[in-house]
Number of protein chains: 2
Amino acid sequence: MNVNVEAQAIEAKKASKQLMILSKEEKNEALLHLADVLEREYESILQANEKDLANGREQGFTDAFMDRLSLSKERVQDFAQGLRDVAELEDPTGQVLTDWTLENGLQVEKVTVPLGVIGMIYEARPNVTVDATGLALKSGNAIVLKGGSSAIHSNEAIVKVIHKGLEETKMPKEAVQFIASTDRAATNELFTMKEHIDVLIPRGGGRLIQAVVENATVPVLETGVGNCHIYIDEQADVEKALNILINAKTDRPAVCNAAETLVVHKSWLKEHQDALIAALKEHNIAVHGDEHIVDTIPGAVPAGEEDWANEYLSTDLAVKAVDNLTDAIAHIETYGTKHSEAIVTEDQKAADHFFALVDAAALYHNASTRFTDGGALGFGAEIGISTQKLHARGPMGLPALTTIKFLMKGNGQIR
Amino acid sequence: MNVNVEAQAIEAKKASKQLMILSKEEKNEALLHLADVLEREYESILQANEKDLANGREQGFTDAFMDRLSLSKERVQDFAQGLRDVAELEDPTGQVLTDWTLENGLQVEKVTVPLGVIGMIYEARPNVTVDATGLALKSGNAIVLKGGSSAIHSNEAIVKVIHKGLEETKMPKEAVQFIASTDRAATNELFTMKEHIDVLIPRGGGRLIQAVVENATVPVLETGVGNCHIYIDEQADVEKALNILINAKTDRPAVCNAAETLVVHKSWLKEHQDALIAALKEHNIAVHGDEHIVDTIPGAVPAGEEDWANEYLSTDLAVKAVDNLTDAIAHIETYGTKHSEAIVTEDQKAADHFFALVDAAALYHNASTRFTDGGALGFGAEIGISTQKLHARGPMGLPALTTIKFLMKGNGQIR
């Protein structure tokens, strides 16, 4: 497929200017109309999806992967409902964050505005095509979509329907650009297109995210690798500790806010080892432990350096025994990805110390790390979970897709 | 000079953990004590400054450059006063931005926290050494300072005094690291030290900033190149227009919020050309114009592509005549640096359109661009003026040196 990525990015930039002068109502009407059109035209999407599925079967993709790739009438209806939900949300742009008047009468307003053009680089799931488009348009941004090759026919069909729908609204269809290429070079072109793209958002595995972070000169909103720890402190309540550990590890092992490592205080372990062993066994959790743990937990295999750093995304669990809170924090500092970290303790001072010193987007005292999620926190929409410190950290809602302008209104003021 | 940049960055990271558990009062006491010690020890700083000045004379630096480099007892007192002023400011950390409780009782707090370690890369002015240190410490951050080689003796002497002062406070002196090297390789090492440095802030000329933005994998707070435009619209009041133009161009031509280009509507120009010509002449402004301007303004030389993009930082002015507002906006879009842009007009619709469509940190209606400045806007302190869109845009106060943490307080909540 022959694509001109730069030409598409320029089109998106042009369209983004038109989006900036649409009213909230016009944007919402367009989203609602898109929802209707998606539902109406679902068959063309399912036909294209068949091609991707056939190709996936040929390539021997896993069942889990095929499930993520697979669309149905109901899933397309979910996409449409997602757009309707986004339309309902508060518009993140045009909000006056602060305003004041200087002594000379100059009025200053700090107002939220769209970023401009969002470059979305993502992997298998075709739902990202609709979700990201909805969030971008709601926040007044144009979007350049570069999805994974395994879903290219589905994505292309979805965008075709979106374009058809947009033609019947006040939004320019050029605001949604789809890079119809399976060529990695097309992705790489996006990395340096600073003039036309305002931010890149990679969504997918750690390798994809690293490639974007390391090579892009366009600013990046880094999302989601989570090597999350549960630290069971000396003074941990045993029931809370085990509930939280098992929930964080097994509720959805493949998501980024699942726990990957248990750090456990040796005194607590000594007292409660039978209960811990029973809980791990009951939930078929495979333990990779340090020497102390291998001696304590039957069936535990020795953990290597790679275990401490690994995001297993399975029911494997690395387990580290420590002598005190300081060593627990040091371990998390060394191997954590600054995503979500939990302490289980009845000792408020230990919890306070953990909160002050552990450097991560979300810290938990006596709760599961699984709550680091826009949905669970009530954000209404989530673009991803930022593990960076600048601009946005933790679950990102619509405000992460905005920047600000200072608007100065005068009557001739000079300095 | 033999320096180990990585070892210093690691020391800074370690010290940043100690800063995180200091109280607001302890931080302020340290700043006030530093101010006293700087005033007391000014002579050692002036002696070191003499070396830099002698070296500068030898190298034939310009008078303006020598002036920026030169210290005096009074200037050191100003540094001290600057630290006292920063101590007075509201602490940007520990602020609960929002808090809520989920239905299951999990309490969520979004709290501001220090970034960690700030890498400051700057040029001649030794005052940055004190200013940046004060802002970093106030916001609970450690700082790694890499100043320009022309001021290295002054900077080193200042940091020596700061270290001496910090030893008498609760702040670890390792929180302030000075890279005592004139070697560019030492600067480049900072670019990729993601594990130890949380943000790089370049302050200086466009070339320095570009080098950092292009080569750093550490996140950057991009500051300050300003190719600012004054657009005089068809309906501009002549007195306001000329006052604003002359102020923005001549008040301080060397700063980033000074105007570099006049974009002028041809109808306005036709009517008011005599007044404009007189004003430009009175203020010795050298005009580089397009064809229409060369035909209209006596003495104007033809402008080339480089003039439209140039940040003159002098009393040179590029002048472009346009047929309408749309062309004016297109010119600014092509050549602007997204810093500060002004429209002079009595037509409110034109001003609204300009505000909606021009993409810049600060937009002005009937006022000089010179107000894009933390001091002028009443921020109390300014780390720089951001021309990027993520994290911080426009004049940056202390909050730009913070990030957030989500703190979750539970009693056993799981999903």
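What counts as what
Residues numbered from 1 in each chain as written. Chains lettered and ligands numbered in written order. Predicted model: local features only at pLDDT ≥ 70, side-chain atom pairs only at ≥ 80, totals over all residues. Heavy atoms only, no water. UniProt positions renumbered as here; feature names shortened; annotations may be inferred. Helix = DSSP H or I, 4+ residues; strand = E, 2+ residues; numbered from the N terminus. Contact = heavy atoms within 4.5 Å. Pairing = 2+ DSSP bridges. Axes fitted to C-alpha atoms, helices over the stretch in contact; angles between N-to-C directions. Buried area = accessible area lost by both parts, 1.4 Å probe. Salt bridge = Lys/Arg side-chain N within 4 Å of Asp/Glu carboxyl O. Polar contact = N/O pair within 3.5 Å; in protein donor to acceptor, adjacent residues only side chain to side chain. Buried < 20%, exposed > 50% of the residue type's maximum accessible area, 1.4 Å probe, protein only. Domains from an automatic or database assignment. Nonpolar A, V, L, I, M, F, W, Y, C, P; charged D, E, K, R; others polar. Phe/Tyr/Trp six-rings, centres within 6.5 Å; stacked < 30°, edge-to-face > 60°. Lys NZ or Arg CZ within 6 Å of the ring centre and 35° of its normal. Expected span 1.5 Å × (residues − 1). Least-squares fit on C-alpha atoms with pLDDT ≥ 70 in both. Right-handed = clockwise from strand over helix to strand, strands pointing away.

Under the annotation held in an unreviewed UniProt entry, chain A carries the name Gamma-glutamyl phosphate reductase and is attributed to Halobacillus kuroshimensis. For the record of chain A, the UniProt heading Subcellular location (unreviewed entry) holds the text "Cytoplasm". As recorded by UniProt, the Sequence similarities (unreviewed entry) comment attached to chain A reads in full: "Belongs to the gamma-glutamyl phosphate reductase family."

Q: Can you help me understand the overall build of chain A in this one?
A: A tally of helices and strands in chain A yields 15 helices and 16 strands. Judged by the C-alpha coordinates and their principal axes, chain A covers about 70 × 70 × 35 Å. The contacts in chain A between residues at least 6 apart in sequence include a share of 71% that link residues at least 24 apart.

Q: Sorry if this is basic, but what is going on with the sheet that holds strand 3 (residues 117-122) of chain B here?
A: Two orientations exist for strands paired in a sheet by backbone hydrogen bonds: parallel and antiparallel. All names here are of chain B. Taken in spatial order, the 4 strands of this open sheet run 5-4-3-6, and their pairing is parallel. The open sheet has two edge strands, strand 5 (176-178) and strand 6 (199-203), and neither has a second partner. Adjacent strand axes in the sheet meet at a mean angle of 20°, parallel and antiparallel pairs treated alike. Bridge count for strand 3 against strand 4 (residues 142-146) is 5 bridges, and the pairing is parallel. By the bridge assignment for strand 4, Ile121 is matched with Lys146. Helix 7 (residues 152-166) contacts strand 3, strand 4 and strand 5 of the sheet and is inclined by roughly 155° relative to strand 5. Most of the contacts of helix 8 (residues 184-191) go to strand 4, to which it runs at about 145°, and overall it touches strand 3, strand 4 and strand 6.

Q: Looking at this model, I keep getting lost on the interface of chain A and chain B. Mind explaining?
A: Frequently, the measure chosen for interface size is the accessible area that the parts lose on association. If you look at the interface, chain A gives 65 residues, while chain B gives 65 residues. Where chain A abuts chain B, roughly 5,600 Å² becomes buried across the two surfaces, and 60% of that area is made up of carbon and sulfur atoms. Its largest share of buried area at the contact with chain B, chain A owes to Leu390, Met408 and Arg415 of chain A, together 14% of the area lost on that side. Put simply, chain A and chain B have 4 salt bridges between them. Salt-bridge contacts for Glu333 of chain A lead to Lys17 of chain B; the nearest nitrogen and oxygen are separated by 2.9 Å. Between chain A and chain B we count 39 residue pairs in polar contact (both at pLDDT 80 or more) in total.

Q: Can you walk me through the side chain of Thr112 of chain B in this structure?
A: Relative to the elements of secondary structure, Thr112 of chain B occurs in strand 2 (residues 107-114). Among residues more than four places away in sequence, those in contact with Thr112 of chain B are Pro92, Thr93, Gly94, Gln95, Leu97, Thr402, Thr403 and Ile404 of chain B.

Q: What am I meant to see in helix 15 (residues 348-357) of chain A here?
A: Since the α-helix packs 3.6 residues into each turn, any two residues three or four apart lie on the same face. Among the residues making up helix 15 of chain A, those that are buried are Ala350, Ala351, Phe354, Phe355 and Leu357 of chain A. Between a side-chain oxygen at the N-terminus of helix 15 of chain A and the backbone nitrogen of Lys349 of chain A the separation is 3.0 Å; the capping residue is Asp347 of chain A.

Q: What am I meant to see in the domain arrangement of chain A here?
A: Residues and elements named next belong to chain A. In terms of domains, chain A is made up of domain 1 (5-223 + 383-409) and domain 2 (228-371). Averaged C-alpha coordinates put domain 1 and domain 2 at centres separated by 36 Å. Counting from both sides, the interface comprises 6 residues of domain 1 and, opposite them, 7 residues of domain 2. Both faces combined, the contact of domain 1 with domain 2 buries some 530 Å², and carbon together with sulfur accounts for 57% of it. Taken as a group, Ile385, Thr387 and Arg393 account for 73% of the area that domain 1 buries against domain 2, more than any other trio of residues on that side. Our count for the contact surface shared by domain 1 and domain 2 stands at 2 salt bridges. For Arg393, the salt bridge is made with Asp359, and the minimal N-O distance between the two is 2.9 Å. Broken down by class, the residue content of the side of domain 1 that touches domain 2 amounts to 1 nonpolar, 3 polar and 2 charged.

Q: Where do I start with the packing of aromatic side chains in this structure?
A: For any pair of aromatic rings, geometry is given as the distance between the ring centres together with the angle between the planes. A complete count under the given rule lists 6 aromatic pairs over all chains for this structure. Their ring planes at 50° and their centres at 6.3 Å tell us that Phe379 of chain A and Phe406 of chain B sit as a pair that is tilted. With Phe379 of chain A in the loop between strand 13 (362-367) and strand 14 (384-386) and Phe406 of chain B in strand 16 (residues 402-413), this pair bridges two chains. By relative accessible area, which is 1% here, Phe406 of chain B ends up buried. Within the aromatic cluster, the residues linked to one another by ring pairs are Trp100 and Phe406 of chain A together with Phe379 of chain B. Lys320 of chain A extends its terminal NZ or CZ atom over the ring of Trp308 of chain A, reaching a point 5.7 Å from the ring centre.

Q: I would appreciate a short explanation of the side chain of Ser181 of chain B in the present structure.
A: Relative to the assigned elements, Ser181 of chain B resides in the loop between strand 5 and helix 8. Of note is the side chain of Ser181 of chain B, whose polar atom sits 2.9 Å from the backbone nitrogen of Asp183 of chain B.

Q: Would you take a moment to explain the sheet that holds strand 12 (residues 340-344) of chain A for this structure?
A: Across the sheet, 10 strands lie side by side as 10(A)-9(A)-11(A)-8(A)-7(A)-12(A)-13(A)-16(B)-2(B)-1(B); this open sheet has mixed pairing. Two strands in the sheet have a free side with no partner beyond their single neighbour: strand 10 (301-302) of chain A together with strand 1 (96-101) of chain B. Note that strand 7 (residues 228-232) of chain A and strand 12 of chain A share 4 bridges and pair parallel. For Ile232 of chain A, the partnering residue across the bridge sits in strand 12 of chain A and is Val344 of chain A.

Q: Looking at this structure, how should I read helix 10 (residues 238-250) of chain A?
A: All names here are of chain A. In this model, helix 10 (13 residues) spans 18 Å end to end at C-alpha, consistent with the 18 Å of a helix rising 1.5 Å per residue. Taken as a whole, helix 10 has its buried residues at Lys240, Ala241, Leu242, Ile244, Leu245, Ile246, Asn247, Ala248 and Lys249. Structurally, the start of helix 10 carries an N-cap: the backbone nitrogen of Glu239 is 3.1 Å from a side-chain oxygen of Asp237.

Q: Where do I start with the environment of Gly299 of chain A in this structure?
A: With respect to the helices and strands, the residue Gly299 of chain A is situated in the loop between helix 12 (291-296) and strand 10. The exposed category is assigned to Gly299 of chain A, whose relative accessible area is 69%.

Q: Whenever I open this one, the relation of the copies chain A and chain B confuses me. Can you help?
A: The operation linking the two copies of the chain is a rotation about an axis combined with a translation along the axis. Screw-axis analysis of chain A against chain B gives a translation of 0.0 Å along the axis, an RMSD of 0.0 Å, and a rotation angle of 180°. What we have between these two chains is a two-fold relation. Among all residues of chain A, the one whose C-alpha sits closest to the rotation axis is His391 of chain A, at a distance of 1.7 Å. Here 100% of the interface residues in chain A have copies in chain B that are interface residues too; the copies meet face to matching face.

Q: Teacher, can you tell me more about the pairing of strand 13 of chain A here?
A: Sheet faces and side chains relate simply in a regular strand, where the side chains alternate between the two faces. For strand 13 of chain A, the tally of buried residues reaches 6 of 6 residues, placing the bulk of the element in the interior. One ladder, built from 4 bridges, connects strand 12 of chain A with strand 13 of chain A; its direction is parallel. Directly across from Ile343 of chain A, in strand 13 of chain A, lies its bridge partner His365 of chain A. Note on the crossover from strand 12 of chain A through helix 15 of chain A to strand 13 of chain A: the handedness is right-handed. Inspection of the sheet shows strand 13 of chain A paired to strand 16 of chain B by 5 bridges, in the parallel sense. Among the inter-strand pairings, Ala362 of chain A is bridged to a residue of strand 16 of chain B, identified as Phe406 of chain B.

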